[in-house]
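# Topology and contacts: notes
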Amino acid sequence: MRIGKRALVLLLATALAVLAAAPSQSAPRGKLYVIGMGPAGPQTATLQALQTVARMDYIIASALVRSLFPQQLAGKKILFDHLSGLWDYQGKFFTQLDPKLLPAFKKERARLTAERLGQIEGLLAQGKNVGLLEGGNPCVFSSAHWYVDRMQARDVVIIPGMGSAAAGMAALGKSIIPAYGSRFLLQSAPFIMSDDLLKDDEVFRSLAKYQPAMVLYMALKQPGPLVAALRKAYPADTPCAVVYWAGYPDKQRVLRCKLAELPDRLAKEKERYLGLLFVGRFLEGKPYLAAEDKP
């Protein structure tokens, strides 16, 4: 049976359309980009971060980060807030929950995590790129790794970002390392350094002889136990500073005092979250010139 020229053209066109609609076996797989957006909006985000955001098909971000980048995220498809449900349940932070509710919290968190990972996996399989926007440095106290650690390394790309500590150091205007006799720069959080609500102060006492320059995250919520632990290891006149809203041009401010004065000074402050505590001699004097005075 002979097929007319017009019928043949129509048949070929239909076949090509079907092939174009079918998923290609060689189509590149998408990636999850964990993007460090800096601590305070576009002015502290890197060019690499902003360019990566522009290329993303879908975005995952907290409400705070979304509020800081309205122009860059305009028209972007938002999947979910990756922080929601990770550390809270029924309107309370997980550490404040009745112990009886902890199993239900963990079960719900596991369900949410599986659901969200399924969304990400489905999009990557379609060749879509997903950007998870993390404030500050995406590798320091980053909730992004709650998801990343459950994924294949091949599917994840991390874009570095400036952390709040860098912004805080700039606000203080001091060299944090080298600094006098300090052998290292310590970045941590009190709840990691000590057990049982900071009653175990062995870590602080062990570190004190090396005079580390310290940057402490999440240190303002319960300053009393923290200062009590520090006072067992450091002199009362040890210089301290708190940088609130590090990197925010209209909100950033610095509180300076001695260790003994810290509880009273913090008691007058309302902010209990967005502040970094700095402790060490680097806050006074000129480290390089001081080094020249050594015999």
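Residues numbered from 1 in each chain as written. Predicted model: local features only at pLDDT ≥ 70, side-chain atom pairs only at ≥ 80, totals over all residues. Heavy atoms only, no water.

### Looking at the overall build of the chain
Within the chain one finds 12 helices and 12 strands. When the 295 residues of the chain are sorted by exposure, 41% land in the buried category. If you take every contact in the chain between residues at least 6 apart in sequence, the share linking residues at least 24 apart comes to 69%. (Helix = DSSP H or I, 4+ residues; strand = E, 2+ residues; numbered from the N terminus. Buried < 20%, exposed > 50% of the residue type's maximum accessible area, 1.4 Å probe, protein only. Contact = heavy atoms within 4.5 Å.)

### A word on the packing of aromatic side chains
Under the defined criterion, the tally for this structure stands at nine aromatic pairs. Plain terms: the ring middles of W87 and F94 are 6.1 Å apart, the flat faces sit at 45 degrees to each other, and that makes the pair tilted. Judged by relative accessible area, which is 27%, W87 ranks as partly exposed. Judged by relative accessible area, F94 falls into the partly exposed class, the value being 28%. (Phe/Tyr/Trp six-rings, centres within 6.5 Å; stacked < 30°, edge-to-face > 60°.)

### Section: the sheet that holds strand β2 (residues 58-61)
Overall, parallel pairing links the five strands, which are arranged β3-β2-β6-β1-β7 in an open sheet. Where the open sheet ends on each side, the last strands, each with one partner, are β3 (77-78) and β7 (156-159). When β2 meets strand β6 (residues 130-134), the two strands line up parallel, connected through four bridges. Of the residues in β6, the one forming a bridge with A61 is L133. Lying on the sheet, helix α2 (residues 47-55) is in contact with β1 (32-36), β2, β6 and β7; it crosses β1 at an angle near 145 degrees. (Pairing = 2+ DSSP bridges. Axes fitted to C-alpha atoms, helices over the stretch in contact; angles between N-to-C directions.)

### Thoughts on the side chain of E269
Checked against the element boundaries, E269 lands in the loop between α11 (262-267) and β12 (275-279). Judged by its relative accessible area of 16%, E269 is buried. At a separation of 2.5 Å, a polar atom in the side chain of E269 contacts the side chain of R253. Excluding residues that lie within four positions of it along the chain, E269 makes contacts with Y244, R253 and L255. (Polar contact = N/O pair within 3.5 Å; in protein donor to acceptor, adjacent residues only side chain to side chain.)

### A few points about the confidence of the model for the chain
Within the chain, residue pLDDT values average 87, and 87% of them lie at 70 or more. Taken together, the stretch residues 7-11 has pLDDT below 50 and engages in one contact with residues farther than four places along the chain or on a different chain. (pLDDT = per-residue confidence, 0-100.)

### Re the environment of L220
Structurally, L220 can be placed in the loop between β9 (213-216) and α10 (223-231). Residues L220 and R272, spaced 52 residues apart in sequence, show a C-alpha to C-alpha distance of 5.1 Å. Each residue touching L220, except ones within four places of it in the same chain, is listed here: V242, Y244, L266, E271, R272 and G275.

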